[in-house]
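Observations on the model geometry
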Amino acid sequence: MNPAALEEAARERDAADPLREFRARFALPRGTGRREPVYLCGHSLGLMPLAARTRVAEELEAWAHDAVEGHEAGRRPWIPYHENFAAGLAALTGAHPDEVVAMNSLTVNLHLMLAGFYRPHGARRRILIESGAFSSDRYAVASQIAWHGLDPAADLIELTPAPGADLIEESDIEGHLARHGPEVALVLWPSVQFRTGQAFDTARIARAAHACGALVGFDLAHGIGNLPHRLHEDEADFAVWCSYKYLNSGPGAIGGAFVHRRHLGAAGVPGTRLEGWWGHEPRTRFRMEPGFTAAAGAAAWQVSNPPILAAAPLLASLEVFREAGIEALRRKSLALTGWLEELLAPLAGAVSLITPHDPARRGCQLSLRIGGGAGRGREVFERLTHAGVVGDWRAPDVIRLAPVPLYNSFLDVARGAAALERALRG
Ligand SMILES: *Cc1c(COP(=O)(O)O)cnc(C)c1O
């Protein structure tokens with residue numbers, strides 16, 4: 001398509017997009033070049049909802065004016081602050097509000113969940129993850145295994161794709177568990193894989209794990225805010241996430257966790273949860289008595305009082321998600337990413353797609369491998385960056401581009417695809 005026709009086609013799509021107004025609710029990076037950059041990097045750091053400024057400023061004001069009273073008074077008292085997030089997080093994860101809590105950061109939450117849910121005993125002591133898992137997740141599970149006095153070299157199982165393949169299929173996981181299930185204590189899997197953009201059938205993975213007597217946890221780092229989840233219905237035992245990728249809550253924002261209802265309350269995992277005062281039942285927390293009475297729901301997993309200034313932007317973000325609706329966002333996402341794939345199709349040969357072609361098996365991100373080796377890929381990526389397209393590079397040879405339905409337009413997609421075509425020409 002010639003550039004003018006392509007822009008015209010993009011503008012038509014944007015005009016017909018029922019969610020187009022949401023772009024104006026975000027701060028778009030201005031860059032330093034002639035043209036504003038095309039930001040396709042929401043998989044790494046989501047853009048700032050403009051309302052985040054207000055929400056943070058409100059808390060600074062509360063601190064300035066109310067000081068210690070801010071814990072109990074003012075617009076949003078800090079003691080029950082986490083309650084502001086329950087409904088929004090529940091909607092995005094497919095959970096009951098008492099199953100989710102905003103707290104800490106992702107890897108810390110993963111450790112807290114593993115402390116409760118990874119309980120090796122007898123022959124059942126292995127953790128199953130994917131090979132090529134996000135480094136932090138791998139470090140967390142390997143160190144947990146070692147912390148139990150076991151050997152990660154023997155008890156951390158990293159499932160690899162079939163020879164020559166980039167993707168692990170759900171059937172590979174089922175196959176492994178059918179053969180080795182009795183040795184597996186826990187399966188930890190991403191809902192969306194960070195490098196390939198592959199979305200997994202979490203219900204199917206949970207079924208396979210439970211069928212062999214293992215527990216299952218999901219890492220939603222690249223899934224939450226990207227596509228809908230059904231954690232409760234899928235019978236996930238636990239899940240964790242960060243809020244600075246598709247949740248647009250800013251660098252180092254407060255993370256979150258899900259604990260399935262069947263593990264909550266008296267029937268839960270008493271004695272295995274690592275506890276702190278903020279997980280204590282709030283009415284009697286400040287008596288500061290030695291005995292711990294758990295708060296209702298996943299809130300009992302909180303350890304410390306939350307970082308209010310790192311949590312306030314999440315309020316702004318969840319307000320935007322509530323207005324737009326994750327189902328409507330997913331519909332736009334399928335159209336945006338589908339169009340990007342279509343525009344890249346003529347480049348087949350020079351560019352190959354690692355992400356599944358089937359839209360049901362991916363989120364918004366496309367992961368591309370440039371033909372001609374990693375050196376050539378890096379060169380193309382640098383040209384793309386120079387042209388003002390913000391994506392990222394994942395060693396050894398992957399370019400990740402993510403059109404985000406909340407703030408990316410079809411014009412962004414057209415410009416990104418055109419810039420990639422030019423970058424390949426030299
Ligand atoms: C982004 C990401 C992390 C980051 O962990 P933090 O604890 O937030 O620093 C961890 N795991 C996965 C899968 C991620 O995508």
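Not measured: the values here are computed from a predicted model.

Further remarks concern the nonpolar core. Membership of the largest hydrophobic core comes to 60 residues, with the highest contact counts inside it found for W189, F218 and L406. Among the elements that take part in this core, helix α11 (residues 308–324) stands out by supplying nine residues, more than any other. Sequence-distant contacts of W189, defined by excluding residues within four places in its chain, comprise L128, I129, E130, L159, I168, I173, F200, I205, G217, F218 and D219. L40, I370, A419 and L420 belong to the second largest nonpolar core, which has 32 residues in total.

As a further point, take the layout of surface pockets. Considered as a void within the structure, the largest pocket measures approximately 820 Å³ in volume. Every residue lining the largest pocket is counted, 33 residues in all, and those nearest its centre are R35, R415, A418, A419 and R422. It is helix α14 (residues 410–425) that contributes the most residues to the lining of the largest pocket, eight residues altogether. Of the residues assigned to the lining of the largest pocket, the class counts are 16 nonpolar, six polar and eleven charged. Of the pockets and cavities examined, the second largest pocket occupies roughly 350 Å³. Together, 17 residues line the second largest pocket, and F200, D201, T202, R230 and A360 are the ones closest to its centre.

To continue, consider α11. Compared with the 24 Å implied by 1.5 Å per residue over 17 residues, the 25 Å span of α11 between its first and last C-alpha is a close match. Where burial is concerned, most of α11 is hidden: twelve out of the 17 residues are buried. Among all positions in α11, only I308, A311, A312, P313, L314, L315, A316, S317, L318, V320, F321 and A324 are buried. As for α11, its buried residues are in contact with β1 (26–27), β3 (48–49), α2 (51–66), α3 (83–93), β4 (100–102) and α12 (326–344). G325 lies just past α11 and shows a positive phi near 85°.

The next point concerns the side chain of N226. Mapped onto the elements of the fold, N226 is located in the loop between β8 (215–219) and α9 (231–234). For N226, a relative accessible area of 3% translates into the label buried. Here H222 takes part through its backbone oxygen, which lies 2.9 Å from a polar atom of the side chain of N226. In this structure the side chain of N226 is engaged in a polar contact, spanning 3.0 Å, whose partner is the backbone nitrogen of C364. Contact partners of N226, with chain neighbours within four places excluded, come to V192, Y246, G363 and C364.

What counts as what
Residues numbered from 1 in each chain as written. Predicted model: local features only at pLDDT ≥ 70, side-chain atom pairs only at ≥ 80, totals over all residues. Heavy atoms only, no water. Core = buried A, V, L, I, M, F, W, Y, C linked by side-chain atoms within 4.5 Å. Buried < 20%, exposed > 50% of the residue type's maximum accessible area, 1.4 Å probe, protein only. Helix = DSSP H or I, 4+ residues; strand = E, 2+ residues; numbered from the N terminus. Contact = heavy atoms within 4.5 Å. 1 Å grid on protein atoms, 1.4 Å probe; cavity = no way out; pocket = protein on both sides within 12 Å on 5 of 7 lines; lining within 4 Å. Points joined across faces, edges and corners; volume = space filled by probe spheres on them. Nonpolar A, V, L, I, M, F, W, Y, C, P; charged D, E, K, R; others polar. Expected span 1.5 Å × (residues − 1). Polar contact = N/O pair within 3.5 Å; in protein donor to acceptor, adjacent residues only side chain to side chain.

The analysis is restricted to geometry; functional conclusions fall outside its scope.
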